[in-house]
Amino acid sequence: MPDRTDSFASLRRPAPPLGPDPTFAASLRRRLERELGMTTADLNRSDSTAGRGGTDLDGTLAMVHLRVADADRAMAFLAALAGWEAERVPFDDHISHYTINTAVTVRILDDPGSAPVVPFYRMTMVSEAAAAVPAAGGRVVESGAEPDGGGWARAVDDQGLPFGMYRPRGYQGSAAPGRPATGEVGLVFMTADATRADRFYGPVLGWHLQRVHPDSNYFEAVPAVGVFDEAAAFGRPVAPSLRLYLSVPALSPALARVSELGGRAGEVAQDMGPYYTAWCSDDQGTGFGLMAEALQ
Amino acid sequence: MPARNDNTAVGEAEDQGAAMLSLYERALPVVFGYLADRCGDRATAEDLTSETFLAAVAAVKAPGPPAVSIAWLVGVARHKLVDHWRRRGRHDRLVDRAATEVTGPEDPWEHELDRLRSDAVLAGLGGHHRAVLTLRYVDGLPVGEVAEVLDRSVHATEALLSRAKAAFRRAYVVEGADDA
């Protein structure tokens, strides 16, 4: 061990687990599969070891719904801020924009009946995961489960937080993206009782919350999803909530852009590991966070 | 999902491919988190993460494969990081030599280090200095293990450590003066 009287000893720090960009993770996995010379049969057998006939990607973040006042206006703001491109889909009672150039799809919708932020997770056997929801203390709100166990379901967990699950089907209907995004979904930040979250999402989505540091009340769930037990951290009751953070290359230019676009740029903080963060709102008052490893 | 056991080693599994992919899912955040934290650059961390897992695949395909586990992968990641810093800093030998010329006897330095300033100083050091300080102090490895990762003798590692500390201290003071 380093000499305790040595100032250099204070440099010691653990490296908390950190999920990489989901696109990178999936790409590297495919590369490993090729390098391992795995056949489709091998992969099916491998996937079957993940339980309920699912894959190791089950339970990971696939889409986030972001409720806004006016979806077209919000999309214009986010396109200018983060370089997002999207497919516009008119519904009977609202408009949705589905991003097409981000690793995690963001659905920007002006449906007043939606919750402000709703994460959707990949799940091969949606019907079985949905069946686990009530047993874990949650409630299935709506279900489009299909005979083969796929489809989708919307639910709330045992702390009242909304979430959804679906089996991705390789939708190819949208136009090819014209440019890469400059901002991605960085984090779905869940403020909740971590013990209860672990107990609920374990059997439903297969999560196993990982405390990032022995002294921390922040837990990583899956890449780009974390649980902060704020009540445990500060010793007072805190209402469960979900917040969406976008990761950008550098925080200061992004904050300047937020202001230029008529939004509100929040104060810079450094309270999330290596990230500089700021809580902002767009020109309609929709709240979102920005996070970056660099200020400039 | 199956119960996650981080001690499960690929080398012990019947189906190495499936076991490797299962380990990949469990180990990816740990390996990437280590590399991203130590090098401070996600793009580099992704490259080194890829190199780490590809090295693991090569190892399990070779005759007499090792027992690949998360700890084994972090060890490989550590080597990849050091190799990266070596590749990046070809002028390090000059830096080492310059540092040797001005390094006097060690005196106690009981300065309270600022985390951000320390990170900036480490990032600005030559590759060898950054590597030895990171392994010894940030990772907390004993000198013997640092020597193994750097492929140097313990004596040479201690000498490098001494020069690296001197370089860090000088840069730390300069960085502080710049901030003032």
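The structure we're discussing is the one just above.
Residues numbered from 1 in each chain as written. Chains lettered and ligands numbered in written order. Predicted model: local features only at pLDDT ≥ 70, side-chain atom pairs only at ≥ 80, totals over all residues.

*Asks:* Help me out: how do you make sense of the overall build of chain B in this one?
*Replies:* A count of helices and strands for chain B gives 8 helices and 0 strands. Overall, chain B shows an N-to-C arrangement of helices and strands of α-α-α-α-α-α-α-α. Taking all 180 residues of chain B together, the buried fraction comes to 39%. Counting contacts in chain B only where the partners sit at least 6 residues apart, residues at least 24 apart contribute 67% of the total. (Helix = DSSP H or I, 4+ residues; strand = E, 2+ residues; numbered from the N terminus. Buried ≥ 20, exposed ≤ 12 C-beta atoms within 10 Å, placed from the backbone. Contact = placed C-beta atoms within 7 Å.)

*Asks:* Quick question: what am I supposed to make of the overall build of chain A here?
*Replies:* When its secondary structure is counted, chain A shows 7 helices and 16 strands. Counting only residues that meet the buried cut, chain A has 45% of its 296 residues in that class. In chain A, once contacts between residues fewer than 6 apart in sequence are set aside, the share between residues at least 24 apart is 62%.

*Asks:* Just to check I follow, could you spell out helix α4 (residues 126-135) of chain A for this structure?
*Replies:* All names here are of chain A. Buried within α4 are the following residues: Val 126, Ala 129, Ala 130 and Val 133. Taken down its axis, α4 places every buried residue within 100 degrees of arc, on the same side. Those residues of α4 hidden inside the fold are in contact with β6 (139-143), β7 (152-156), β8 (162-166) and α5 (194-205). Gly 137 sits one or two residues past α4 and shows a positive phi near 100 degrees. (Arc of directions from axis to C-beta.)

*Asks:* Please explain the sheet that holds strand β5 (residues 117-122) of chain A as it appears in this structure.
*Replies:* Within a beta sheet, neighbouring strands are joined by backbone hydrogen bonds and run either parallel or antiparallel to one another. Residues and elements named next belong to chain A. An order of β2-β3-β4-β1-β5-β8-β7-β6 is seen for the 8 strands of this open sheet, with the pairing classed as mixed. Only two strands of the sheet have a single partner each, and these edge strands are β2 (86-90) and β6. Across the sheet, the axes of successive neighbouring strands diverge by a mean angle of 20 degrees, strand direction being ignored. Here strand β1 (residues 61-67) runs beside β5; their pairing, made up of 5 bridges, is antiparallel. Considered in β5, the bridge of Leu 66 is made with Val 117. (Pairing = 2+ DSSP bridges. Axes fitted to C-alpha atoms, helices over the stretch in contact; angles between N-to-C directions.)

*Asks:* How should I be thinking about the sheet that holds strand β9 (residues 184-191) of chain A in this particular structure?
*Replies:* Overall, mixed pairing links the 8 strands, which are arranged β10-β11-β12-β9-β13-β16-β15-β14 (chain A) in an open sheet. On the outer flanks of this sheet lie β10 (210-211) and β14 (269-272) of chain A, each paired with one strand and no other.

*Asks:* Just checking my understanding: could you explain the packing of helix α3 (residues 70-88) of chain B against helix α6 (residues 127-138) of chain B for this structure?
*Replies:* Angle between the axes and distance between the axes: these two values describe a pair of packed helices. Residues and elements named next belong to chain B. Between α3 and α6, the least distance of the axes is 8 Å, while the angle of their chain directions is 155 degrees. The orientation of α3 relative to α6 falls into the category roughly antiparallel. Taken together, the residues of α6 that come into contact with α3 (itself represented by Arg 78, Val 82, Trp 85, Arg 86 and Arg 88) are Gly 127, Arg 130, Ala 131 and Leu 135. Broken down by class, the residue content of the contact of α3 with α6 amounts to 4 nonpolar, 1 polar and 4 charged. (Parallel < 35°, antiparallel > 145°, perpendicular 65-115°, else oblique. Nonpolar A, V, L, I, M, F, W, Y, C, P; charged D, E, K, R; others polar.)

*Asks:* Looking at this structure, I do not really get the nonpolar core. What am I missing?
*Replies:* Grouped burial of nonpolar side chains is what soluble globular proteins tend to show. All names here are of chain A. Among the nonpolar cores identified, the biggest contains 75 residues, and Val 64, Ile 108, Val 188, Val 227 and Leu 290 are the most heavily contacted of them. Among the elements that line this core, the one with the most residues is helix α3 (residues 71-82), at 7 residues. Ignoring any residue separated from it by four or fewer positions in sequence, one finds Ile 108 in contact with Leu 66, Val 68, Ala 71, Ala 74, Met 75, Leu 78, Ala 86, Ser 96 and His 97. (Core = buried A, V, L, I, M, F, W, Y, C linked by C-beta atoms within 7 Å.)

*Asks:* What is the right way to read the pairing of β14 of chain A from this model?
*Replies:* Strand residues, when the strand is regular, have side chains that alternate between the two faces of the sheet. Residue and element names in this part refer to chain A. Relative to strand β15 (residues 275-281), β14 is paired through 2 bridges, and the arrangement is antiparallel. For Met 272, the partnering residue across the bridge sits in β15 and is Tyr 275. Here β14 folds back onto β15 in antiparallel fashion, the turn holding 2 residues, of which Gly 273 has a positive phi close to 55 degrees.

*Asks:* Please clarify how the environment of Ala 294 of chain A should be interpreted in this entry.
*Replies:* All names here are of chain A. By the secondary structure assignment, Ala 294 is in the segment after β16 (287-292). Residue Ala 294 is classed as partly exposed on the basis of its C-beta count, with 15 C-beta atoms lying within 10 Å. Sequence-wise, Ala 294 and Leu 251 are 43 residues apart; in three dimensions their C-alpha atoms are separated by 6.4 Å. Setting aside residues up to four positions removed in sequence, Ala 294 forms contacts with Pro 249 and Ala 250.

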